[in-house]
Amino acid sequence: MRQRPASFLSLGIALMAALGASAALAQAAAEPARVLHPWQAAPPRLSAEAYFTNLKDGDRIETPYVLRFGLSGGWGLAPIAQAGQGKSGHHHLLVNRDLPLNFKQALPFNDQYIHFGKGQMETVLTLAPGEYTLRMLLADQKHLPHFVFSKPAKITVTRKNDTDPATLQKKGLEIDMAQGNSVRPPFLVRFHASLLNVAQMSQKIPDTGHFKLTVAPAGGGAPAVMDFRDGQTEVWLAPPAGAYNLKLEMLDNLDGAKPLVEPATARIEVR
């Protein structure tokens, strides 16, 4: 069977991604817009991406290794237990696999297509030493892919050590200041949950939560409170210059006032 040229495949994937982005924008336009806090900024790119927050192309790692996932473009996590609303889905890790050519076909279940249908934001890699190509892909409740994916990351596992994988994860939250703690607006704030499942509040799934971020001026004044009920895991901010204290909470999706775990905090300086 004759293989298609790589350039043709790349063009096809790019065209599908463009069509998918257009469809997502049309869907978002049809939905009622949520009111954003004035300190929230629009993402610098219109496109969305499922990506690794702590792994990049060319990295050399030892396993077991805690691999963390991010999701941009206003998309949110929605476990498969209930249908998600709007721009939502769950993560998949592809191991030594290209993007599927047919985005209308459900992703298979095997060790090269690893599903995170509960709304997880991380996993522990236990790969044997060798070279691997990893990428993220978001899909819906029926495991049909969205046009939301990462670039491939070619990595080398140099050694598999004797660490017990169960000791590497601890339930809790973390604020990830992608650009450091002294920033110019707009800047990215990532949210991370370990051993916790993120979902849309409207799904009403037990044992899941959604993020809430409070941004309080260090010198006093009214704080900005942002409730990410649609399962989003990051936000771009553009507050006035000054020092701020951040508090990240995860609230129970069956009781929006109940925290599931202790909050995470951070202090930033906006120049």
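Predicted model only: the values in this text are computed from it and were never measured.

K.L.:
How should I be thinking about the overall build of the protein chain in this particular structure?
P.N.:
Scanning the protein chain for helices and strands turns up one helix and 19 strands. When each of the 271 residues of the protein chain is scored for burial, the buried share is 45%. Look at the contacts in the protein chain between residues 6 or more apart in sequence, and 70% of them connect residues 24 or more apart. Counting every atom, the protein chain has about 14200 Å² of accessible surface; 53% of that belongs to carbon and sulfur.

K.L.:
Any chance you could explain the sheet that holds strand β15 (residues 209-217) here in plain terms?
P.N.:
Either a parallel or an antiparallel arrangement is found when strands of a sheet pair, and the pairing is made through backbone hydrogen bonds. Ordered in space as β13-β19-β18-β15-β16, the five strands form an open sheet in which the pairing is mixed. Lying at the two open borders of the sheet, with one neighbouring strand each, are β13 (182-183) and β16 (224-228). Where β15 and β16 come together, five bridges link them in antiparallel fashion. If you follow Lys212 over to β16, its bridge partner there is Asp227.

K.L.:
Looking at this structure, how should I read the side chain of His115?
P.N.:
Structurally, His115 can be placed in strand β7 (residues 113-116). Given the relative accessible area of 16%, His115 is considered buried. Every residue in contact with His115, bar those within four places of it in the chain, is listed here: His90, His91, His92, Leu107, Pro108, Phe109 and His143.

K.L.:
What am I meant to see in the pattern of salt bridges here?
P.N.:
Side-chain pairs of opposite charge can arise where the charged atoms are in close proximity. Within the structure shown, the criterion is met by six salt bridges. Ionic pairing is found between Glu122 and Arg68, a salt bridge with its closest N-O pair at 3.8 Å. Taken as a pair, Glu122 in strand β8 (residues 122-125) and Arg68 in strand β4 (residues 65-71) lie far apart in primary sequence, 54 residues in all. Note that Arg229 and Asp227 form a salt bridge whose closest N and O atoms lie 3.1 Å from each other. The exposure class of Asp227 is partly exposed, given its relative accessible area of 34%. One continuous salt-bridge network, built from bridges that share partners, spans Arg68, Glu122 and Glu174.

K.L.:
Honestly, the side chain of Asn253 in this entry has me stumped. Any pointers?
P.N.:
Secondary-structure assignment places Asn253 in the loop between β18 (242-252) and β19 (264-270). Within the structure, Asn253 has its side chain in polar contact with the backbone oxygen of Ala199 (distance 3.3 Å). A polar atom in the side chain of Asn253 sits 3.4 Å from the backbone oxygen of Gly209. If we ignore the near neighbours within four places in the chain, the residues touching Asn253 are Ala199, Gln200, Met201, Lys204, Ile205, Thr208, Gly209 and His210.

K.L.:
Whenever I open this one, the pairing of β8 confuses me. Can you help?
P.N.:
Put simply, side chains in a regular strand alternate between the two faces of the sheet. Where burial is concerned, the two faces of β8 agree: the one with Glu122 and Val124 and the one with Thr123 and Leu125 are both buried. Across four bridges, β4 lies against β8 in antiparallel orientation. Paired with Val66 across the bridge in β8 is Val124.

K.L.:
Before we go on, may I ask you to explain the packing of aromatic side chains in this structure?
P.N.:
Aromatic ring pairs are defined here through the distance separating the ring centres and the angle between the ring planes. The tally for this structure, following the rule as stated, stands at five aromatic pairs. Here the aromatic rings of Phe191 and Phe211 are separated by 5.2 Å at their centres, their planes lie at 55 degrees, and the arrangement is tilted. Taken together, the residues Phe191 in strand β14 (residues 187-194) and Phe211 in strand β15 connect sequence positions 20 residues apart. With respect to burial, Phe191 and Phe211 carry one shared label: buried. By the ring-pair criterion, three or more aromatic residues cluster together here, those being Phe191, Phe211 and Phe228.

K.L.:
Honestly, the environment of Ser194 in this entry has me stumped. Any pointers?
P.N.:
Structurally, the position occupied by Ser194 is in strand β14. The buried category is assigned to Ser194, whose relative accessible area is 7%. Spatially, the C-alpha atoms of Ser194 and Lys170 are 6.3 Å apart, while their sequence positions differ by 24 residues. Beyond its immediate stretch of four places on either side in the chain, Ser194 contacts Arg68, Glu122, Lys170, Lys171 and Gly172.

K.L.:
What is the right way to look at unusual backbone geometry in this model?
P.N.:
Outside of glycine, negative phi angles account for most residues, and trans bonds account for most peptide bonds. Residue Pro64 is bonded to the preceding Thr63 through a cis peptide linkage, with omega at 5 degrees. Turning to its location among the elements, Pro64 is positioned in the loop between β3 (60-63) and β4. For the bond from Pro185 to Pro186, the omega torsion is -5 degrees, close enough to zero to count as cis. On the secondary structure map, Pro186 appears in the loop between β13 and β14. Here the phi dihedral of His143 falls at roughly 65 degrees; this positive angle occurs in a residue that is not glycine. By secondary structure assignment, the location of His143 is in the loop between β9 (130-139) and β10 (145-149).

About the thresholds
- Residues numbered from 1 in each chain as written.
- Predicted model: local features only at pLDDT ≥ 70, side-chain atom pairs only at ≥ 80, totals over all residues.
- Heavy atoms only, no water.
- Helix = DSSP H or I, 4+ residues; strand = E, 2+ residues; numbered from the N terminus.
- Buried < 20%, exposed > 50% of the residue type's maximum accessible area, 1.4 Å probe, protein only.
- Contact = heavy atoms within 4.5 Å.
- Areas by Shrake-Rupley, 256 points an atom, 1.4 Å probe, with all protein chains shown as cover.
- Pairing = 2+ DSSP bridges.
- Salt bridge = Lys/Arg side-chain N within 4 Å of Asp/Glu carboxyl O.
- Polar contact = N/O pair within 3.5 Å; in protein donor to acceptor, adjacent residues only side chain to side chain.
- Phe/Tyr/Trp six-rings, centres within 6.5 Å; stacked < 30°, edge-to-face > 60°.

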